[in-house]
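# Breakdown of the fold
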Amino acid sequence: MSTRASDLPFDAVHRATETLSLKRAALWALLASKVVTGWGVQWDIQWHVLIGRDSFWIPPHLITYAGVSAAVFLSFGMLFWETWRGTGDMRVLGLRGSRGFQLAAWGIAVTIIAAPIDDLWHRLFGIDVTLWSPPHLMGILGAVINAWACLTITREVYPAGSRARLAAMVLTGATLYGSLHLVVDPSFRIAYLYGGVRFYTFAILAAVLLPLALVPTVRLSGNRWTPALVLLVVALVGMAGLRVARAGFEVMQPVSVIEEEIAKDPTSPIAVANITARKNGVTPGRVGGLPLLYMGSAAVIGMALVDARRRPVASTVAFSLLLFIVGSWLIAARPALAPMVPGAGPTAVAFVITALAALLGGLAAKRLSDVL
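Residues numbered from 1 in each chain as written. Predicted model: local features only at pLDDT ≥ 70, side-chain atom pairs only at ≥ 80, totals over all residues. Heavy atoms only, no water.

Let us look at helix H11 (residues 269–280). Each turn of an α-helix holds 3.6 residues, which means side chains three or four residues apart point in the same direction. The terminal C-alpha atoms of H11, which comprises 12 residues, lie 16 Å apart, in line with the 16 Å expected from a rise of 1.5 Å per residue. At the exit of H11 stands Gly 281, carrying a positive phi of roughly 70°. (Helix = DSSP H or I, 4+ residues; strand = E, 2+ residues; numbered from the N terminus. Expected span 1.5 Å × (residues − 1).)

Listed below in structure tokens is the structure:
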């Protein structure tokens, strides 16, 4: 027989209400910390590409790890609080908490562990060799796990169909999309250097990775048009992040030594970012904002029309192939990449590979959303 709230002692009802309110506050604070972290990362990328000086204590690092530290405090803080109260339905390493906050805490722990490894990496290999370095990918993985946890926490603290639940899931999905897109971004250097089938590396990687943000967000929110809302929020948050970076440069006025770095290795990620940006007439190292909206709008609408709630794999294929078509057309129009546009043969091969990657990404995203 189930127990109604009215049948419970007043103290038990009060404790349950207090816990729910605290979890909701912690969730929104976690999402705010993710936005701050994302702004720090945006500025950090521009700093390394424009300035060329690397130190762990540069301002964008401080902003990034302020956001990460807040996520650590909030995630583990909830575990300590529930352990002290004797609540929480899961126990891991002696700490009690809900399934969502357990995943959030141990996910962000991965990012924290990546920080000293990243500092050692730079001491050994100099300024950022690539965004695809092991400590960078490890840090992004921890942030992604923490964001997946936020989807679970949202389900724990808000009822289905509520506006607050949808809003929290859309913002979570946006932070997930932004984090995973960071892993896709270096693929444009591959296109510039090699052409051929590798010109379409961005579409192949996106087909595997980006559905891991979009499909779980759609299926857990229950809203068909969530992908479009997620991409809109990504663009708005990215535009704000670019303003933060611009203001930071105006205040700090750091001295650039980037030309020396470009001269050392013209094929390095930093050198290529500067060379291609100059040819395209844009700011080097600039990520996020409206370009993501332009490139992904048709793809997310396609995913929504196919309906990822009921057909996650098919919608992922639609998303990926539309991104291939629209994205390829947009990057082929850039002066730096136009000479590397391949012929029909490599394009057809890349299209097929993207479709296969989309099947893999769709199956993985479906499985992930089932687990969450």
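This paragraph deals with unusual backbone geometry. Despite not being glycine, Leu 93 shows a phi value in the positive range, around 50°. When you line up the elements, Leu 93 lands in the loop between strand S1 (90–92) and strand S2 (95–97). Judged by relative accessible area, which is 74%, Leu 93 ranks as exposed. The residue Asp 307 is not glycine, and still its phi comes out positive at about 80°. The topology assignment puts Asp 307 in the loop between helix H12 (290–306) and helix H13 (312–332). By relative accessible area, which is 2% here, Asp 307 ends up buried. (Buried < 20%, exposed > 50% of the residue type's maximum accessible area, 1.4 Å probe, protein only.)

For the rest of this paragraph, the subject is the packing of aromatic side chains. Tallying each qualifying case throughout the model produces 8 aromatic pairs. Both rings, one in Phe 188 and one in Phe 202, keep their centres 5.6 Å apart while their planes meet at 20°; by these two values the pair is stacked. A residue pair is termed long-range when its members are at least 10 positions apart, and Phe 188 in helix H6 (residues 187–194) and Phe 202 in helix H7 (residues 201–209) qualify at 14 residues. Since its relative accessible area comes to 18%, Phe 188 is described here as buried. Pairing Tyr 200 with Phe 324 gives two aromatic rings, centres 4.7 Å apart and planes at 25°, and the pair type is stacked. Pair noted here: Tyr 200 is in the loop between H6 and H7 and Phe 324 is in helix H13, with a separation of 124 residues, a long-range link. For Tyr 200, a relative accessible area of 4% translates into the label buried. For Phe 324, a relative accessible area of 4% puts it in the buried group. Ring pairing ties together the aromatic residues Phe 199, Tyr 200, Phe 324 and Phe 351, which thus form one cluster. A cation sits over an aromatic face here: Arg 198 above Tyr 194, 4.2 Å from the ring centre. (Phe/Tyr/Trp six-rings, centres within 6.5 Å; stacked < 30°, edge-to-face > 60°. Lys NZ or Arg CZ within 6 Å of the ring centre and 35° of its normal.)

A few words now on helix H2 (residues 59–85). Taking 1.5 Å of rise per residue, 27 residues should cover 39 Å, and H2 covers 38 Å from first to last C-alpha, within 8% of that figure. Gly 86, located one to two residues past H2, shows a positive phi value of around 80°.

Glancing now at the side chain of Thr 154. With respect to the helices, strands and loops of the structure, Thr 154 is situated in helix H4 (residues 134–157). In this structure Thr 154 touches Leu 27, Arg 165, Ala 168 and Met 169, once residues within four positions along its chain are discounted. (Contact = heavy atoms within 4.5 Å.)

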